[in-house]
Amino acid sequence: MPATSPTILATSIGFDSRGRGPYDWAPGPVFDLAAELAGAPEQPRLCHLGTATGDDPARIAGVYGAFAGSRVRVSHLSLFPMPTVPDVRAHLLAQDVIWVGGGSVANLLAVWRVHGLDEVLAECWRAGVVLGGVSAGSLCWHVGGTTDSYGPDLRPVTDGLGLIPTSNGVHHDSEEQRRPLYQRLVADGTLPAGHATDDGVGLVYRGTALAEVVADRPGKAAYRVERGPDGTAVETRIEPRRLR
């Protein structure tokens, strides 16, 4: 059963750690939410896209390990050195959730466009496949945001897929360059107004409208960031619903 309307879950929420190694992961409640948004299938089909980290096999193995023994039917699509499924479009349209990992959003967008994934993912979105992800996997669905794709000094990215016609800020509370740069880019018009998330917070979009803000930990929030009448950025805190 597809989502009842085009749905995106854009987050600063990664996998939980089981504490036994760098990729010893456990799925947190955000993945239960993704399945719920997809219509709560008995065995949700989730495809992981790790393009933003060059389809790192250790991270891909971590995703499979995270869901081992669960009801989730996991697959992955790697694009290096070639697609790992014979029909990319058919595979992605058959999913309930497509989850995009973090990393370089600039590289992700370039590689996706070479393979035509920008158009395929837009088709999946319209068909009711829930599109989700963390960090780069949040930024990519929007017009743009801030990125460390080019080095440790953050820069704007303005050529996102634009399924959500606003900007996006990730890691708003945990990386010191993020908040001031995002505010400046919105204030000077480089980016349109949008929403930012603290670590542990996600944005649920139905169609292109923000429907809900969620968090997997206390004390965190999302923020509406827009250009004020005096040309400075205005930031408004949005309290999330706590996921259990």
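Details of the structure are given in the entry above.
Note that this is a predicted model, so its numbers are computed, not measured.

1. A word on the overall build of the protein
Scanning the protein for helices and strands turns up 7 helices and 16 strands. Taking 18 Å as the expected radius of gyration for a compact globule of 244 residues, we find that the protein reaches 17 Å, a close match to that expectation. The buried share of the protein, taken over its 244 residues, is 52%. Taking contacts inside the protein between residues at least 6 apart in sequence as the whole, the part at least 24 apart equals 68%. Accessible surface for the protein amounts to roughly 10,300 Å². Of this, 51% is attributable to carbon and sulfur atoms. Distance between charge centroids for the protein: 3 Å, based on 22 positive and 27 negative side chains.

2. Comments concerning the pairing of strand 5 (residues 73-77)
With 5 bridges joining them, strand 4 (residues 45-49) and strand 5 adopt parallel strand pairing. Bridged to His48 within strand 5 is His76. In this fold, the crossover linking strand 4 to strand 5 by way of helix 2 (residues 57-67) has right-handed handedness.

3. Concerning the sheet that holds strand 8 (residues 142-147)
Taken in spatial order, the 6 strands of this open sheet run 9-8-10-11-14-15, and their pairing is mixed. Each edge of the open sheet is held by one strand with a lone partner, namely strand 9 (155-157) and strand 15 (233-238). Recorded for the sheet is a direction-independent mean angle of 25 degrees between the axes of neighbouring strands. Pairing of strand 11 (residues 194-197) with strand 14 (residues 222-227) involves 4 bridges; the strand directions are antiparallel. In the strand pairing of strand 14, Thr197 is matched with Ala222. Sheet strands in contact with helix 7 (residues 178-187) are strand 8, strand 9, strand 10 (164-169), strand 11, strand 14 and strand 15, and its direction is about 35 degrees off that of strand 14.

Definitions and cut-offs
Every residue gets a number counted from 1 within its own chain, in the order that chain's sequence is written. Totals for whole chains, interfaces and linings use every residue, but because this is a predicted model, local features are given only for residues with pLDDT of at least 70 and side-chain atom pairs only at 80 or more, for both listing and counting. Values shown for side chains rest on all heavy atoms present in the structure; no hydrogens or waters enter the calculation. Each helix is a run of DSSP H or I of at least 4 residues and each strand a run of E of at least 2, with the numbering of both proceeding from the N terminus. Only the C-alpha atoms count toward the radius of gyration. The rule for a globule is 2.2 Å times the residue count to the power 0.38. Three labels apply to residues, based on accessible area from a 1.4 Å probe with only protein chains included: buried if under 20% of the type maximum, exposed if over 50%, partly exposed otherwise in between. Should any heavy atoms of two residues lie within 4.5 Å, those residues are considered in contact. For every accessible area listed, the method is Shrake-Rupley and the probe measures 1.4 Å; residues are considered covered only by the protein chains on display. Lys and Arg are tallied as positive, Asp and Glu as negative. Neither His nor the chain termini are counted. By convention, the charge on Lys lies at NZ, on Arg at CZ, on Asp at CG and on Glu at CD. For two strands to be treated as a pair, DSSP must find no fewer than two bridges joining them. Assignment of crossover handedness uses the view with strands pointing away from the viewer, where a clockwise path from the first strand over the helix to the second indicates a right-handed crossover. Angles here are taken between N-to-C directions and fall from 0 to 180 degrees, while the axes themselves are lines fitted to C-alpha atoms, restricted in helices to the stretch in contact.

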